[in-house]
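Listed below are the residues making up each chain.
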Amino acid sequence: MSNTRRALFRSAWLPWALVLPQLLIIFVFFYWPTGEALYWAFTLEQPWGGGNAWVGWQNFAAVFSSEGYWHSVRISILYAASTTALAIGAALLLAMFVDREVKGSRGYRLAMIWPYAIAAPAIGIIFRFVFDPRSGVFAFLNQAAPGLWDPTLNGDHAMTMLVLAGAWQLVSYNFVFLLAGLQSIPRGLVEAAAMDGAGPLRRMRDLQAPLLAPTLFFLVIINMTDSFTHSFALVDVMTGGGPARSTDLMVYKIYSDGFKGLDYSGAAAQSIVLMLLVVGMTFLQFRFVERKLHYK
Amino acid sequence: MVERRPLLNLATHLLLGFGLLCLLLPIWLAFIAATQDVAGANAVPMRWLPGPHLLDNLAAAWTRADLGARFTTSMIVALGVMAGKVGLAMLAAFAIVFFDWRAKAVVFWLVFVTLMLPLEVRIVPTYVVAANALRPFQAILDITGLTGLVETLSGVRVALEWRMLNSYTGLILPLVATATGTFLYRQFFMTIPEELVEAARMDGAGPLRFLRDVLLPLSRTNMAALATIMFVYAWNQYLWPLLVTTEPQRSTVMVELSRLVPRGDGLPEWNIVMAAALTVMLPPLAVVVLMQRWFVRGLVATEK
């Protein structure tokens, strides 16, 4: 917080009154639930009533010793990494070429932005239809030889479908940031490089891409966190975690263990792990973006 | 453009066109399916040109998913979240930036930390709180022993309860409980020259007057930006409404859409499902296309 402002208002009660609504809401719906998750993670509800008993790290030990959990962690990382790579790669390519400002680039710009508005359940259902083994685009493969493409039976196919839908959703978000980043590069720099004989592709590789490093790093973190947390809707409408748990991502597993299995303590322990993961990545973002990746 | 490169320009158009095609293709296929009858939507190989059944399918989707009522619910939730964020965040940021008070830094961090943990990772306990929103206060009373004290003094056992399941407050409030907006306003308020505050004070304006007559008009673009982002965010919510609305007649469009697809092995009536999917994604799409400028500004500003 900067303390350089001198012209400030003073009042003993007014600032409190102004922040009170926000503080109340975040206390009830943010801090309390987070605290309660911690409490559940270290306690276990007694089967015959009588409240929760303290069990220490037992819930975590149970979670970490379960093969299903590690499977879920592995596929979550796989999902997050592939979605991020695909979404950022595609967006970078599109942004760089839109930034060349050929005729109609304004139109292209609008055309790249709208997918952000599409809800995850809607696009999830659409992708599920498009990749449906009986009526989708690849259905003809199954007529030739059954099972060539079947995300309802083949886990790899299901994961591919999920990654494509996830990346489709993130492309426009990344595009907005990358284009803003590209346009903040001083025109003079690009022109100077052109005078020195660097062609457009050379400039993209050696000038624009390095200057975009902070934006790219920021987007990697945001895309990863987003894939870890917001993938719930896609999984739920597209695969329901199946086939055979092959798309049972961490956030979906918390939901199914907590609400379907009614194992609050196990779900809470998993929530804590996911929270630490997300907080860790956010922290990394603040440290690096502020310190290392500035070229100014 | 820096130099003339006709060949590269052609390549640019090809590449951008291809990118566009990839983005549009799923929507196009959904649209085609929504214009077919059941047989047409399930035809192998897939049909690529529209059929004559669009209106029938839209009507069927509308009645089957009770979309009229669902649209009302979603609209109230989206507008509620939007208004809540735009309003509360502005008040909080105003207090944090323009007042000189001791707890300022602590309050700022308390609010700021909420940016780190999305609703999804604390979903189970948040649901339990929504089942009784006064649970935190009851627990505090129990732990501090106040419940027992009151009981011995007055003979009344304190049992606070406010069920939020299946209510608009339950749908809206937890979605408002993050700092996105507060942070956006804070960044903007920090850029306001302090001469403006001095001048306002010189003219005898108190803090609330300053908020209403100086900050509010200056913040209009930021408010529009935040409002578009929040509308889209709230309309597209899925996990939270799915949990909070246990009664089908209280749910939002997104939850209802997912219910159109049968669980298990039954073949969905894709033509009707696709018609419903296209219908429910229209409002946020319209907001983004019509408010493109504010939307892009809000997107960039809420994350920095």
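A quick note: this is a predicted structure, and the numbers were derived from the prediction, not measured.

**Student:** When you look at the overall build of chain B in this model, what are you seeing that I'm missing?
**Tutor:** The helix and strand inventory of chain B stands at 18 helices and zero strands. Across chain B, contacts joining residues at least 24 apart in sequence account for 75% of those joining residues at least 6 apart.

**Student:** What should I look at first to understand the overall build of chain A in this one?
**Tutor:** Of regular secondary structure, chain A possesses 13 helices and two strands. Relative to its length of 296 residues, chain A is extended, with a C-alpha radius of gyration of 24 Å against a globular reference of 19 Å. The burial tally for chain A puts 45% of its 296 residues in the buried class. For chain A, contacts bridging at least 24 residues in sequence account for 68% of all contacts bridging at least 6.

**Student:** What am I meant to see in unusual backbone geometry here?
**Tutor:** Excluding glycine, a negative phi dihedral is what most residues carry, and trans is how most peptide bonds are arranged. Look at Leu262(A): it is not a glycine, yet its phi comes out positive at around 55 degrees. Mapped onto the elements of the fold, Leu262(A) is located in the loop between helix 12 (250-260) and helix 13 (264-291). Assessed through the 10 C-beta atoms surrounding it within 10 Å, Leu262(A) is described here as exposed. Of note, Asn166(B) is a non-glycine position whose phi angle comes to about 60 degrees, a positive value.

**Student:** How should I be thinking about helix 9 (residues 168-176) of chain B in this particular structure?
**Tutor:** For the α-helix, the turn length of 3.6 residues means that residues three or four positions removed from each other point alike. Burial analysis of helix 9 of chain B places seven of its nine residues in the buried class, which makes it a mostly covered element. For helix 9 of chain B, the secondary structure elements touched by its buried residues are helix 1 (14-41) of chain A together with helix 4 (67-98), helix 6 (123-131), helix 13 (220-235) and helix 14 (239-244) of chain B.

**Student:** How should I be thinking about the packing of helix 1 (residues 6-34) of chain B against helix 16 (residues 270-280) of chain B in this particular structure?
**Tutor:** Two packed helices can be described by the angle between their axes and the distance between those axes. Residue and element names in this part refer to chain B. Direction vectors running N to C along helix 1 and helix 16 enclose 125 degrees, while the axes themselves pass 7 Å from each other. By the angle between their directions, the pair helix 1 and helix 16 is classed as oblique. Judged by the sense of rotation from one axis to the other, the crossing of helix 1 with helix 16 is left-handed. Counting all contacts with helix 1, which are made through Ala-30, Phe-31, Ala-33 and Ala-34, the residues of helix 16 involved are Trp-270, Asn-271, Met-274, Ala-275, Ala-277 and Leu-278.

About the cut-offs
Residues numbered from 1 in each chain as written. Chains lettered and ligands numbered in written order. Predicted model: local features only at pLDDT ≥ 70, side-chain atom pairs only at ≥ 80, totals over all residues. Helix = DSSP H or I, 4+ residues; strand = E, 2+ residues; numbered from the N terminus. Contact = placed C-beta atoms within 7 Å. Rg over C-alpha atoms; globule rule 2.2 N^0.38 Å. Buried ≥ 20, exposed ≤ 12 C-beta atoms within 10 Å, placed from the backbone. Axes fitted to C-alpha atoms, helices over the stretch in contact; angles between N-to-C directions. Parallel < 35°, antiparallel > 145°, perpendicular 65-115°, else oblique. Left-handed = near helix turned anticlockwise from the far one by under 90°.

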